[in-house]
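# A structural walkthrough
Below are the chains, spelled out letter by letter.
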Amino acid sequence: AQTVTQSQPEMSVQEAETVTLSCTYDTSESDYYLFWYKQPPSRQMILVIRQEAYKQQNATENRFSVNFQKAAKSFSLKISDSQLGDAAMYFCAYRSAIRDGGSNYKLTFGKGTLLTVNP
Amino acid sequence: EAQVTQNPRYLITVTGKKLTVTCSQNMNHEYMSWYRQDPGLGLRQIYYSMNVEVTDKGDVPEGYKVSRKEKRNFPLILESPSPNQTSLYFCASSSRWGKNTEAFFGQGTRLTVV
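This one's a predicted model, so the numbers in the text were calculated from it and none came from an experiment.

Calculation rules
- Residues numbered from 1 in each chain as written.
- Chains lettered and ligands numbered in written order.
- Predicted model: local features only at pLDDT ≥ 70, side-chain atom pairs only at ≥ 80, totals over all residues.
- Heavy atoms only, no water.
- Helix = DSSP H or I, 4+ residues; strand = E, 2+ residues; numbered from the N terminus.
- Rg over C-alpha atoms; globule rule 2.2 N^0.38 Å.
- Buried < 20%, exposed > 50% of the residue type's maximum accessible area, 1.4 Å probe, protein only.
- Contact = heavy atoms within 4.5 Å.
- Areas by Shrake-Rupley, 256 points an atom, 1.4 Å probe, with all protein chains shown as cover.
- Lys, Arg positive; Asp, Glu negative; His and termini not counted.
- Charge placed at Lys NZ, Arg CZ, Asp CG, Glu CD.
- Buried area = accessible area lost by both parts, 1.4 Å probe.
- Salt bridge = Lys/Arg side-chain N within 4 Å of Asp/Glu carboxyl O.
- Polar contact = N/O pair within 3.5 Å; in protein donor to acceptor, adjacent residues only side chain to side chain.
- Nonpolar A, V, L, I, M, F, W, Y, C, P; charged D, E, K, R; others polar.
- Pairing = 2+ DSSP bridges.
- Disulfide = S-S within 2.5 Å.

### Some thoughts on the overall build of chain B
Helix and strand counts for chain B come out as zero helices and eleven strands. Secondary structure of chain B in N-to-C order comes out as β-β-β-β-β-β-β-β-β-β-β. In terms of C-alpha radius of gyration, chain B reaches 13 Å, essentially the compact-globule figure of 13 Å for 114 residues. For chain B, buried positions account for 53% of its 114 residues. Excluding contacts between residues fewer than 6 apart, the proportion of contacts in chain B whose partners are at least 24 apart in sequence is 54%. In the structure as shown, chain B presents an accessible area of about 5,300 Å², 51% of it carried by carbon and sulfur atoms. A distance of 3 Å separates the average location of the 14 positive side-chain charges in chain B from that of its 10 negative side-chain charges.

The structure is reproduced here in structure tokens:
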């Protein structure tokens, strides 16, 4: 079974600074997807960024980028120019790319990192 | 607008009183699932459905039931709720086909069982 580990329960960053959230995972599969979800106080789960394991290029979405190290099974999220609206719980998640079997569509989540942005 | 709609958003109930949390999606997705979120544990899958009339257990199914009679709806049923089912619940849907891997989540249901 796959596992996802977020080793930082809480992080803080100054507004306009850069912060990196860590995520490691364990899998025996070679093809999969990785995600970062943001959960603000409204509780809504918002997809921030996704990475396909077969792509070597790191995904970027505006101020958000990832450092995907497949051999090390590491998938960190970098937030540049942090804004007050970035304050939220962030979840790293894994999904298999194998289409057979319903369990392969399951998202396996880490325990989350609570990000505080200080003005 | 593509969305997953859960109701209610907040629910307080007493131990043993049956309840249903509804979930509906308008994206014609085949795959739907329920997760519960608990502090320090992240989100864990309760049940999932691959299509109409096809459901199966996730990681924490005890005390829950689901049904999938229509493609768009996937209700979560707690026949005899207990305090350890106090949690934040999310319904999610995604397509089984194509390159789009994104899961769409409902707004969440905060359930308290006293």
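Having seen the model, we can carry on.
### Concerning the interface of chain A and chain B
Contacts between chain A and chain B engage 24 residues on the former and 30 residues on the latter. Summed over both sides, the interface of chain A with chain B buries roughly 2,200 Å², with 49% coming from carbon and sulfur. On inspection of chain A and its partner chain B, the count reaches two salt bridges. Among the ionic pairs, D59(B) bridges to K106(A), the shortest N-O distance being 2.9 Å. Inspection of the region where chain A meets chain B yields eight residue pairs in polar contact (both at pLDDT 80 or more). Looking at which element gives the most residues to the side of chain A that touches chain B, the answer is strand β5 (residues 32-39) of chain A, with four residues. Split by residue class, the side of chain A that touches chain B holds ten nonpolar, seven polar and seven charged.

### Description of the side chain of S76(A)
Relative to the elements of secondary structure, S76(A) occurs in strand β9 (residues 74-79). Excluding residues within four positions of it along the chain, S76(A) makes contact with T20(A), L21(A), S22(A), C23(A), W36(A), S65(A), V66(A) and N67(A).

### With respect to the pattern of salt bridges
With the rule as written, the count across this model stands at ten salt bridges over all chains. Across the pair D26(A) and K73(A) runs a salt bridge, and its minimum N-O distance is 3.6 Å. A residue pair is termed long-range when its members are at least 10 positions apart, and D26(A) in strand β4 (residues 24-26) and K73(A) in the loop between β8 (64-69) and β9 qualify at 47 residues. Judged by relative accessible area, which is 26%, K73(A) ranks as partly exposed. A salt bridge links E102(B) to R50(A), with the shortest nitrogen-to-oxygen separation between them at 3.6 Å. A residue pair is termed interchain when its members come from two chains, as with E102(B) in the loop between β9 (87-94) and β10 (104-105) and R50(A) in strand β6 (residues 46-52).

### With respect to the sheet that holds strand β8 (residues 76-78) of chain B
All names here are of chain B. Read from one edge to the other, the open sheet built from four strands follows the order β1-β3-β8-β7, with strand pairing classed as antiparallel. Strands with a single pairing partner mark the edges of an open sheet, and in this sheet they are β1 (4-7) and β7 (65-66). In this sheet, β8 lies alongside β7 in antiparallel orientation, the contact comprising two bridges. Its bridge partner being in β8, V66 is matched across the sheet by L76.

### Let's talk about the state of the cysteines
For the coordinates displayed, the defined rule picks out two disulfides over all chains. A sulfur-sulfur separation of 2.0 Å characterises the disulfide bridge that pairs C23(A) with C92(A). The chirality of the disulfide connecting C23(A) with C92(A) is left-handed, given an S-S dihedral of about -70 degrees. Highlighted residues: C23(A) in the loop between β3 (19-21) and β4 and C92(A) in strand β10 (residues 88-96), separated in sequence by 69 residues. A relative accessible area of 1% means that C23(A) is categorised as buried. Across the disulfide from C23(B) sits C91(B); the S-S distance is 1.9 Å.

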